[in-house]
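Observations on chain architecture
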Amino acid sequence: MEKSRSYIEEKRILRLIYAITLIAFLIIALYNKDWGAVLFGVFLIVLAWYSHFIINKFFPDGDKYLLVLSIFLSDIGLIMIYRIKPILAVKQLTWFSLGIGIFMLIVILLPDIESIAKFKYVYMAVALCLLVLTQFFGSDIGGSKNWIDLGFTSFQPSEFAKVFIILYLASVLCNYNTKKELVIPGIVIMVSLILLVMQKDLGTAIIFFGISVAMVYVGTSDARYVLMSMLLFFIGGIGSFFAFSHVRVRVNMWLNPWSDPNHYGYQIIQSLYAISSGGFLGTGLCLGHPNYIPAVSTDLIFSIICEELGLLGGFAIIITYFLLIYRGFRTAIYAEGAFSKLTSVGISTMIGAQVFVIIGGVIKLIPLTGITMPFISYGGSSMIINFISLGILQKISESYTA
């Protein structure tokens with residue numbers, strides 16, 4: 001009976017998502033006289049329906065709200081990207097389709113999640129190799145040296161390193177007995193943070209730190225490690241401020257972007273203008289000015305969402321993220337096995353930290369760093385790794401029936 005109610009609720013939410021998607025693409029089609037937008041929206045709806053149908057029919061156990069909520073966020077992202085630049089939306093749809101496919105493959109093929117806990121050195125080696133590889137062969141895009149250019153495409157190794165760090169910490173902490181066992185993980189995290197700061201990937205460094213602190217606390221139940229980590233992070237942050245010019249620039253532009261409004265402060269100023277001009281209800285879809293916002297389809301997509309959909313739309317996005325993160329932590333609470341619990345905590349923290357860092361940056365709550373909004377921003381690496389993470393969460397959620 002409980003499962004039936006849950007299924008009916010999922011279908012009700014999905015119908016609402018389909019309606020929002022169709023109406024949004026109809027507005028874009030009417031405004032731009034681009035009827036291809038309607039076809040795009042219909043294809044998006046069919047893809048979402050099919051993925052939910054397959055998962056629900058063949059894998060009825062597990063938390064389907066994870067997929068439903070991620071579909072809503074992805075649809076919002078595709079609507080805004082199509083409204084900004086249709087060709088980017090077509091590319092993003094490709095990444096979305098690939099992400100959904102990988103999500104289903106993980107659910108179908110991944111064995112019991114506890115069985116992969118034994119590969120801790122593999123996870124550690126892959127995570128560090130990805131970051132070291134970027135240090136030597138990375139390309140500088142948007143001010144950060146965090147891309148690898150393969151010629152036909154490019155990707156962000158740090159996005160994939162996040163998941164391997166989570167799996168590594170989970171595999172170490174699930175058998176935690178003494179504090180000596182935390183020495184090597186501590187060194188691994190410290191090396192990772194130094195590499196990320198050197199690559200000017202400050203946003204990902206903060207996310208790595210957040211993941212580590214949350215997982216160590218859950219794995220050890222000792223608040224002293226959290227306090228010690230915060231102290232070391234504070235000392236490291238001050239040291240980075242004096243040692244690296246790009247850190248000083250980020251902090252100074254956070255404190256006073258008007259000191260250099262046409263260069264370093266340009267992004268945050270344009271973001272604040274966009275959000276304020278939208279007001280509570282927004283200007284309306286297609287009635288904003290995305291051309292005035294730099295990196296509008298990636299780092300600052302939340303600014304155009306607030307401009308055109310208002311603070312109301314922005315709050316709706318934040319609440320959806322909150323629900324997604326809640327389902328992730330709920331999975332951790334009910335999961336069977338320490339490795340599963342810790343992995344769920346790590347993934348949920350990763351999504352939560354990323355949302356906090358980018359939204360906090362665009363509203364000037366914290367220094368702005370160049371990272372994407374999960375499921376919404378344009379970017380293949382981000383979309384793929386988010387669905388990989390979601391697939392792992394979905395697989396873990398199948399281990400319980402609560």
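Right above here is the structure, for reference.
Computed from a predicted model, the values in this text were never measured in an experiment.

Our focus in this paragraph is the nonpolar core. In this structure, Phe96, Met215, Ile317 and Met373 are the most contacted members of the largest nonpolar core, which totals 119 residues. No other element matches the 13 residues that helix H3 (residues 65–84) contributes to this core.

Each aromatic ring pair is characterised by the separation of its centres together with the angle its planes make. One pass over the full model with this rule turns up 11 aromatic pairs. Judged by centre distance (5.0 Å) and plane angle (50°), the rings of Phe40 and Tyr82 are tilted. With Phe40 in helix H2 (residues 36–58) and Tyr82 in helix H3, this pair connects stretches of sequence that are 42 residues apart. Assigned by exposure class, Phe40 and Tyr82 land together as buried. Aromatic side chains Phe375 and Phe387 sit 5.2 Å apart centroid to centroid with 80° between the ring planes, which places their arrangement in the edge-to-face category.

Quick look at the packing of helix H13 (residues 338–362) against helix H14 (residues 380–397) now. Packed helices, taken two at a time, are described by the angle between their axes plus the distance between the axes. For the pair H13 and H14, interaxial distance at closest approach is 10 Å and the crossing angle is 145°. Along this stretch, H13 crosses H14, giving a crossing that reads as left-handed. Across from Ser340, Thr343, Ser344, Ile347, Met350 and Gln354 in H13, the residues of H14 making contact are Ser382, Ser389, Ile392, Leu393 and Ile396. Per-class residue counts for the contact of H13 with H14 are 5 nonpolar, 6 polar and no charged.

This part is about the pattern of salt bridges. In the structure shown here, the tally under the stated rule is 6 salt bridges. Arg327 is paired through a salt bridge with Asp63; the nearest N and O atoms lie 2.8 Å apart. Pair noted here: Arg327 is in helix H12 (residues 301–334) and Asp63 is in the loop between H2 and H3, with a separation of 264 residues, a long-range link. The burial state of Arg327 is the same as that of Asp63; both residues are buried. The salt bridge partner of Arg83 is Glu308, with a shortest N-O separation of 2.6 Å. Of this pair, Arg83 sits in helix H3 while Glu308 sits in helix H12; the two residues are 225 residues apart in sequence, bridging distant segments of the chain. Each member of the pair, Arg83 as well as Glu308, is classed as buried.

This next bit is on the side chain of Gln92. Among the structural elements, Gln92 can be located in helix H4 (residues 86–109). In terms of polar contacts, Gln92 uses its side chain to reach the backbone carbonyl oxygen of Ser377, at 2.9 Å. Once residues lying within four places of it in the same chain are set aside, the contact partners of Gln92 are Leu78, Ile81, Ile376, Ser377, Tyr378, Gly379 and Met383.

The subject of this paragraph is H12. Across its 34 residues, H12 extends only 34 Å between first and last C-alpha, which sits more than 12% below the 50 Å expected from 1.5 Å per residue. At Leu309, H12 shows its maximal kink, close to 125°.

The subject of this paragraph is the packing of helix H6 (residues 157–173) against helix H7 (residues 183–198). Running from amino to carboxyl end, H6 crosses H7 at an angle of 170°, the nearest separation of the two axes being 11 Å. In this view, H6 runs roughly antiparallel relative to H7, as classed from their interaxial angle. You can see that H6 and H7 cross each other, and the crossing is left-handed. In this structure, H6 contributes Ser158, Ile165, Tyr168, Leu169 and Val172 to the contact, and H7 contributes Ile184, Pro185, Val188, Ile189, Ser192 and Leu196. Looking at the contact of H6 with H7, its residues break down into 9 nonpolar, 2 polar and no charged.

Glancing now at unusual backbone geometry. Here Ser221, not a glycine, exhibits a phi torsion of approximately 55°, which is positive. Here Ser221 lies in the loop between helix H8 (202–220) and helix H9 (223–243). Residues other than glycine seldom take positive phi values, yet Ala295 does so here, at roughly 50°. The residue Ala295 is located in the loop between helix H11 (266–278) and H12 in this model. A residue is classified by how much of its surface remains accessible, and Ala295, at 31% relative accessible area, is partly exposed.

So, about the sheet that holds strand S1 (residues 139–141). With antiparallel pairing, the 3 strands of this open sheet are ordered in space as S1-S2-S3. One side of each edge strand has no neighbouring strand; the edge strands of this open sheet are S1 and strand S3 (154–155).

Structurally, Phe25 is set in helix H1 (residues 2–32). Overall, the relative accessible area of 0% leaves Phe25 in the buried class. Sequence-wise, Phe25 and Phe339 are 314 residues apart; in three dimensions their C-alpha atoms are separated by 42 Å. Excluding residues that lie within four positions of it along the chain, Phe25 makes contacts with Ala37, Val38, Phe40, Gly41, Leu44, Leu78, Ile79 and Tyr82.

Bringing the side chain of Asp222 into the picture now. Mapped onto the elements, Asp222 comes out in the loop between H8 and H9. Take Asp222: its relative accessible area is 15%, and that puts it in the buried class. Among the polar contacts made by the side chain of Asp222, one reaches the side chain of Arg224 at a distance of 2.8 Å.

Taken as a whole, helix H10 (residues 245–255) has its buried residues at His246, Val247 and Met253. Along the long axis of H10, the arc covered by the buried residues comes to 135°, so they all point the same way.

Where S1 meets strand S2 (residues 144–149), 2 bridges bridge the pair, whose relative direction is antiparallel. Paired with Ile141 across the strands is Ser144, a residue of S2. Hairpin connection between S2 and S3: a loop of 4 residues separates the two successive antiparallel strands, and Gly151 in this loop has a positive phi of roughly 95°.

The rules behind each value
- Residues numbered from 1 in each chain as written.
- Predicted model: local features only at pLDDT ≥ 70, side-chain atom pairs only at ≥ 80, totals over all residues.
- Heavy atoms only, no water.
- Core = buried A, V, L, I, M, F, W, Y, C linked by side-chain atoms within 4.5 Å.
- Buried < 20%, exposed > 50% of the residue type's maximum accessible area, 1.4 Å probe, protein only.
- Helix = DSSP H or I, 4+ residues; strand = E, 2+ residues; numbered from the N terminus.
- Phe/Tyr/Trp six-rings, centres within 6.5 Å; stacked < 30°, edge-to-face > 60°.
- Axes fitted to C-alpha atoms, helices over the stretch in contact; angles between N-to-C directions.
- Left-handed = near helix turned anticlockwise from the far one by under 90°.
- Contact = heavy atoms within 4.5 Å.
- Nonpolar A, V, L, I, M, F, W, Y, C, P; charged D, E, K, R; others polar.
- Salt bridge = Lys/Arg side-chain N within 4 Å of Asp/Glu carboxyl O.
- Polar contact = N/O pair within 3.5 Å; in protein donor to acceptor, adjacent residues only side chain to side chain.
- Expected span 1.5 Å × (residues − 1).
- Bend = angle between axes of the 7 residues up to and from the residue.
- Parallel < 35°, antiparallel > 145°, perpendicular 65-115°, else oblique.
- Pairing = 2+ DSSP bridges.
- Arc of directions from axis to C-beta.

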